Amino acid sequence: MTSYSLNFPNELKQQAENLASQQGIPLEAFILDAIAEKVNSLTGQRNAPTFAQVTYRNSASGQLIPILRGTNLRVKTVVIAAQQWGLSSNQIAAEYDLNAEQIDEAIAFYHAHREEIDHAIAAEQAIEAAHV
C-alpha cells in the first residue's frame, strides 16, 4: 500500500472524523472508503442479485465491500451496531437514517455471507487494535 499525505480544510476534516466515528471506523479507513466509492461510482457498482438493498463497491485494496444501496453504509456496520453495540433495529434506523427494509436486508445478507463479513470485522478490529 502506498502512503499519501493530504491537506484537509479544517471543516472537512471535522466532518469526516464525525462520519467515521458514527460508522465506528478510523478516519483513515473512512477516507479510503470514500476514495474507493468515488472510483467505483465512476467505474460502476456490482449488485447483489438476491438482495435488492445491497450493492458492492471496491475498497481501496480492490476488495468488494457490500454496502446498502443509496448509502455509503457498509453492511458490516449494521451488523456491528446490532451485535456488538446491542442496538435495536429502531436505534440503528435512527442512528444511520435507514428504514426497516434496509436493516432487515443487511442482517439477512449477513446471515447469507456470515463467514465473509465476520472475517472483515475481525480484520478491521485487528487493524484498530494495532493503532491503539
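This text gives an overview of the structure that appears in the document. (Residues numbered from 1 in each chain as written. Predicted model: local features only at pLDDT ≥ 70, side-chain atom pairs only at ≥ 80, totals over all residues. Heavy atoms only, no water.)

With that out of the way, let us pick up a nonpolar patch on the surface. Taken together, Y4, L6, F8 and L12 make up a surface patch of nonpolar side chains, about 420 Å² in accessible area. Along the chain, the position of F8 falls in the segment before α1 (10-23). Since its relative accessible area comes to 31%, F8 is described here as partly exposed. (Patch = residues over 30% accessible without salt bridge, like charges linked within 9 Å, V, L, I, M, F, W, Y side chains within 5 Å. Areas by Shrake-Rupley, 256 points an atom, 1.4 Å probe, with all protein chains shown as cover. Salt bridge = Lys/Arg side-chain N within 4 Å of Asp/Glu carboxyl O. Helix = DSSP H or I, 4+ residues; strand = E, 2+ residues; numbered from the N terminus. Buried < 20%, exposed > 50% of the residue type's maximum accessible area, 1.4 Å probe, protein only.)

Moving on, we come to unusual backbone geometry. Phi is positive for D97, close to 55 degrees, though the residue is something other than glycine. Relative to the helices and strands, D97 resides in the loop between α4 (89-96) and α5 (100-112).

Turning our eyes to something else, we now look at the pairing of strand β2 (residues 54-58). For β2, the tally of buried residues reaches 4 of 5 residues, placing the bulk of the element in the interior. Bridge count between β2 and strand β3 (residues 64-68): 5 bridges; the pairing is antiparallel. The residue of β3 that forms the bridge with T55 is I67. The hairpin turn running from β2 into β3, its antiparallel successor, is 5 residues long, and G62 in that turn takes a positive phi close to 90 degrees. (Pairing = 2+ DSSP bridges.)

Moving on, we come to α4. Those residues of α4 lying buried are I92, A93 and Y96. One face of α4 carries all of its buried residues, which in axial projection span an arc of 100 degrees. The exposed residues of α4 that point more than 90 degrees off its buried face are N90 and A94. Next to the buried residues of α4 lie α1, α3 (75-83) and α5. Two residues or fewer after α4 comes D97, characterised by a positive phi angle close to 55 degrees. (Arc of directions from axis to C-beta. Contact = heavy atoms within 4.5 Å.)

To continue, consider the side chain of R57. By secondary structure assignment, the location of R57 is in strand β2. Here the side chain of R57 touches N72 through a polar contact of 3.1 Å, side chain to side chain. (Polar contact = N/O pair within 3.5 Å; in protein donor to acceptor, adjacent residues only side chain to side chain.)

As far as function goes, none of this settles anything; it's purely spatial.
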